[in-house]
Amino acid sequence: MRAARFLAPLLGLGLAACSAGPVSAQEVVRSEQASFRVRDFSTGLEHPWGAAFLPDGRLLVTERPGRLRVIGQDGRVSAPVQGVPDVVAQGQGGLLDVALAPDFAQTRQLYLCFAGAAQGGVLTRLVSARLSADMARLEGVATLLDATPAQSSGRNHYGCRIVFGRDGKLYLSTGDRYSDKSRAQRLGDLAGKVLRLERDGRPAEGNPFIGREGARAEIFSYGHRNPQGLAVNPATGSMIEIEFGARGGDEVNRLRAGANYGWPLVSYGTDYNGSSIGTGKASAPGIEEPLRHWTPAVSPSGGNFYVGDAFPAWRGNLFLAALSPPGLVRLSMDGDRVVGEERLLWNRTRFRQVLPGPDGFLYILTDEARGRVLRLEPAS
Ligand SMILES: [Ca+2]
């Protein structure tokens, strides 16, 4: 068991069979600032990846193999929503994130991000669609952006988180696609970037590389490895990005227009075989420092800031869903500075995404073949 625990983070494997066992329903956890009960809110989801609450309190959830579901407030899972585009559900790819348009209540417009087939291979693709009034199907599906060029080798590192900024623009993260790390530094390439888009997929007005020869106008920031987390800090309005390092070097960053976040020139971690990354340095002039970094890795996928009334002590904290070692990372913030860290439900079940609900409870997607939505509720 000790060897397995040591090797698991290196191999990217989960350890569902640790001594404490997987996270289970009805458990009460007493932590630094809050006591909570963990409930199985919903079950029977295959590798849920992204989620968005609808205005009526229901929850839209993606399943990586290519399904979109609506979960009722009673936790009941709908039949798959019809009309989801074909995805390449191989490796880390598949149907990944879902986000609602800011005016969803009027337009019923939503956005999906996934691994899509294209000429020359596979890439990260962004589409828009309308959710039918009965929530049974998607209508008017349109491809907004392909993070070109497509890559024929490998099925890893798609990034693929969608978030709207305070500026009303759509931010989309893309991974470096693993095989050729240098894609993240190339400004003519949309891999390993955070893109800032108008709602129809065009480059957003004011983007930093508009007019620069050889650079893509969609790019907001670059030098990212595999960013699966994006969230707006409610205290500052900053766009916060979360990305996996290789063997260590996971990062939380505050995004600035036109900034270089360093991959693969610098990293606080090493490559999986222990060799150094790029220059072998952890930082360099002209490259943005992370707000926080982890070695050994925690493998943070999605993350969100807690807003709500159920856990007053957690307001404004940034929660990260960690895959390996699995669990929840809670970061206390002072503005955009990270001033504290606590690990919850650690070494138990792989978590893909975490988000607060309109009821103030905290919802977690588990990365399992028989995946669940967990709900944390206050316990006295
Ligand atoms: Ca970095």
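Because the structure is predicted, anything quoted here is derived from the model rather than measured.

Rules used throughout
- Residues numbered from 1 in each chain as written.
- Predicted model: local features only at pLDDT ≥ 70, side-chain atom pairs only at ≥ 80, totals over all residues.
- Heavy atoms only, no water.
- Core = buried A, V, L, I, M, F, W, Y, C linked by side-chain atoms within 4.5 Å.
- Buried < 20%, exposed > 50% of the residue type's maximum accessible area, 1.4 Å probe, protein only.
- Helix = DSSP H or I, 4+ residues; strand = E, 2+ residues; numbered from the N terminus.
- Contact = heavy atoms within 4.5 Å.
- Pairing = 2+ DSSP bridges.
- Axes fitted to C-alpha atoms, helices over the stretch in contact; angles between N-to-C directions.
- pLDDT = per-residue confidence, 0-100.
- Donors = N, O, S within 2.8 Å, 3.2 Å for Na, K, Ca; no water.
- Disulfide = S-S within 2.5 Å.

Novice: Just to check I follow, could you spell out the nonpolar core for this structure?
Specialist: Grouped burial of nonpolar side chains is what soluble globular proteins tend to show. With 27 residues, the main nonpolar core has Y111, L126, I162, L170 and L172 as its most contacted residues. Listing elements by their share of this core, those giving two or more residues are β6 (95-100), β7 (109-118), β8 (121-131), β9 (138-146), β10 (162-164), β11 (170-173), β12 (193-197) and β13 (219-222). With 3 residues, the single largest contributor to this core is β7. When near neighbours in sequence (up to four residues on either side) are disregarded, I162 contacts D97, A99, Y111, L112, C113, L126, L170, Y171 and L172. In this structure, L68, V84, F114 and L131 belong to the second largest nonpolar core, which totals 20 residues.

Novice: How should I be thinking about the sheet that holds strand β14 (residues 226-232) in this particular structure?
Specialist: Two pairing modes exist for strands in a sheet, parallel and antiparallel, and in both the strands are linked by backbone hydrogen bonds. Taken together, 4 strands build an open sheet; the order of strands is β14-β15-β16-β17 and the sheet is antiparallel. The open sheet terminates on both sides in strands that have one partner only, identified here as β14 and β17 (292-294). The mean inter-strand angle of the sheet, taken between neighbouring strand axes irrespective of direction, is 15 degrees. Bridge count between β14 and strand β15 (residues 239-244): 6 bridges; the pairing is antiparallel. Looking at the pairing, P227 lines up with E243 of β15.

Novice: For this particular structure, what's the right way to read the confidence of the model for the chain?
Specialist: Confidence in the prediction for the chain averages 94 pLDDT; 94% of positions are at 70 or higher. Ignoring residues within four places in sequence, the model shows residues 1-19, a span with pLDDT below 50, making 23 contacts including any to other chains.

Novice: Any chance you could explain the coordination of the calcium ion here in plain terms?
Specialist: Tetrahedral coordination by four donors puts the ideal angle at the metal at 109.5 degrees, and octahedral coordination by six puts it at 90 or 180 degrees. Protein coordination at the calcium ion comes from E251 (OE), E251 (OE) and Y261 (O), with a distance range of 2.2 to 2.4 Å. Taken together, the residues E251 in strand β16 (residues 250-254) and Y261 in the loop between β16 and β17 connect sequence positions 10 residues apart. Of the residues examined, E251 reaches a relative accessible area of 7% and is grouped as buried. Its relative accessible area of 2% is what places Y261 among the buried residues.

Novice: Please clarify how the sheet that holds strand β19 (residues 318-323) should be interpreted in this entry.
Specialist: One open sheet accounts for 4 strands, arranged β18-β19-β20-β21; its pairing is antiparallel. A single partner strand is all that each edge strand has here, and the edge strands are β18 (300-305) and β21 (337-344). Taken over all neighbouring pairs, the strand axes of this sheet differ in orientation by 25 degrees on average, direction set aside. Direction of pairing for β18 relative to β19: antiparallel, over a ladder of 4 bridges. When the sheet's bridge partners are listed, P300 is paired in β19 with A322.

Novice: Where do I start with the state of the cysteines in this structure?
Specialist: Under the definition given, this model contains 1 disulfide. The disulfide bridge from C113 ends at C160, spanning 1.9 Å between sulfur atoms. Handedness of the C113-C160 disulfide follows from its S-S torsion of about -95 degrees: it is left-handed. On the criterion of sequence distance, the pair formed by C113 in strand β7 and C160 in the loop between β9 and β10 is long-range, its members being 47 residues apart. Each of the two residues, C113 as well as C160, counts as buried.

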